[in-house]
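Chain by chain, the residues run as shown.
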Amino acid sequence: MLSLVFGGLTTIVAIASLVASLTDPSFLFVGIVALVVTTVSFFFAGFAFRFLRDPSTRLTAMTPLLWLVAAAFFIGVFGSMGAFVYGQVVLNQEAAAVGLLLLPLAGGVMVTGAVLLGAVVRARQSV
């Protein structure tokens, strides 16, 4: 459920950044990173609902979850830091602020994915 909240908030950031990139191209990098974080967050929500609903998916959900947690970390956290630095380099304080705003959202998505991964590991050990 928490990944839906993070996904919704990141969707707002992604849409606002992509719309702002029509007039100022420095928002494009932040918008793309936010769009990837949104997608990963909604994938986590889908895996969580599928994991809770159908016990047979407990044994097959491990590898995609590992890749999604890695994507949330590398693209989300490092990408938002890169978007902040890029906003500072091109002297656009608003793009840097949006990149900094995206950092806790990407971190939250990464933590929810890690918690889901821990639940899958515990379920595999109990079987």
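None of these values were measured; they are calculated from a predicted model.

**Description of the overall build of the protein chain**
For step 1, the next point in the chain: Each helix and strand counted, the protein chain has four helices and zero strands in total.
For step 2, the next point in the chain: Listed by position from the N terminus, the elements making up the protein chain come as α-α-α-α.
For step 3, the next point in the chain: Counting all 127 residues of the protein chain, 43% fall into the buried class.
For step 4, the next point in the chain: Long-range pairs, those at least 24 residues apart, make up 75% of the contacts in the protein chain between residues at least 6 apart in sequence.
For step 5, the next point in the chain: Of the roughly 6,900 Å² of accessible surface on the protein chain, a fraction of 78% belongs to carbon and sulfur atoms.

**Some remarks on the environment of F44**
For step 1, the next point in the chain: Inspection of the secondary structure assignment puts F44 in helix α2 (residues 28–53).
For step 2, the next point in the chain: For the pair F44 and V109, spaced 65 residues apart in the sequence, the C-alpha separation amounts to 8.3 Å.
For step 3, the next point in the chain: Once residues lying within four places of it in the same chain are set aside, the contact partners of F44 are S3, L65, L68, V69, A72, V109, T112, G113 and L116.

**So, the packing of helix α1 (residues 2–20) against helix α4 (residues 93–126)**
For step 1, the next point in the chain: Close contact between α1 and α4 brings their axes to 10 Å; oriented N to C, the two are set at 155 degrees. With respect to α4, the element α1 is oriented roughly antiparallel. By crossing handedness, the relation of α1 to α4 is classed as left-handed. For the pair formed by α1 and α4, the contact residues are L2, S3, F6, L9, T10, V13 and S17 on the first element and V98, L101, L102, L105, G108, V109 and T112 on the second.

**Thoughts on α1**
For step 1, the next point in the chain: With 19 residues, α1 ought to run about 27 Å at 1.5 Å a step, and its terminal C-alpha atoms sit 27 Å apart, in line with that.
For step 2, the next point in the chain: Taken as a whole, α1 has its buried residues at S3, F6, G7, T10, V13, A14 and S17. The buried residues of α1 occupy an angular sector of 130 degrees when projected down its axis, which confines them to one face. Every exposed residue of α1 that faces more than 90 degrees away from the buried side is listed here: I12, I15 and V19.
For step 3, the next point in the chain: Structurally, α1 contributes buried residues whose contacts are with α2 and α4.

Rules and cut-offs
Residues numbered from 1 in each chain as written. Predicted model: local features only at pLDDT ≥ 70, side-chain atom pairs only at ≥ 80, totals over all residues. Heavy atoms only, no water. Helix = DSSP H or I, 4+ residues; strand = E, 2+ residues; numbered from the N terminus. Buried < 20%, exposed > 50% of the residue type's maximum accessible area, 1.4 Å probe, protein only. Contact = heavy atoms within 4.5 Å. Areas by Shrake-Rupley, 256 points an atom, 1.4 Å probe, with all protein chains shown as cover. Axes fitted to C-alpha atoms, helices over the stretch in contact; angles between N-to-C directions. Parallel < 35°, antiparallel > 145°, perpendicular 65-115°, else oblique. Left-handed = near helix turned anticlockwise from the far one by under 90°. Expected span 1.5 Å × (residues − 1). Arc of directions from axis to C-beta.

So yeah, pure geometry; function would need other evidence.
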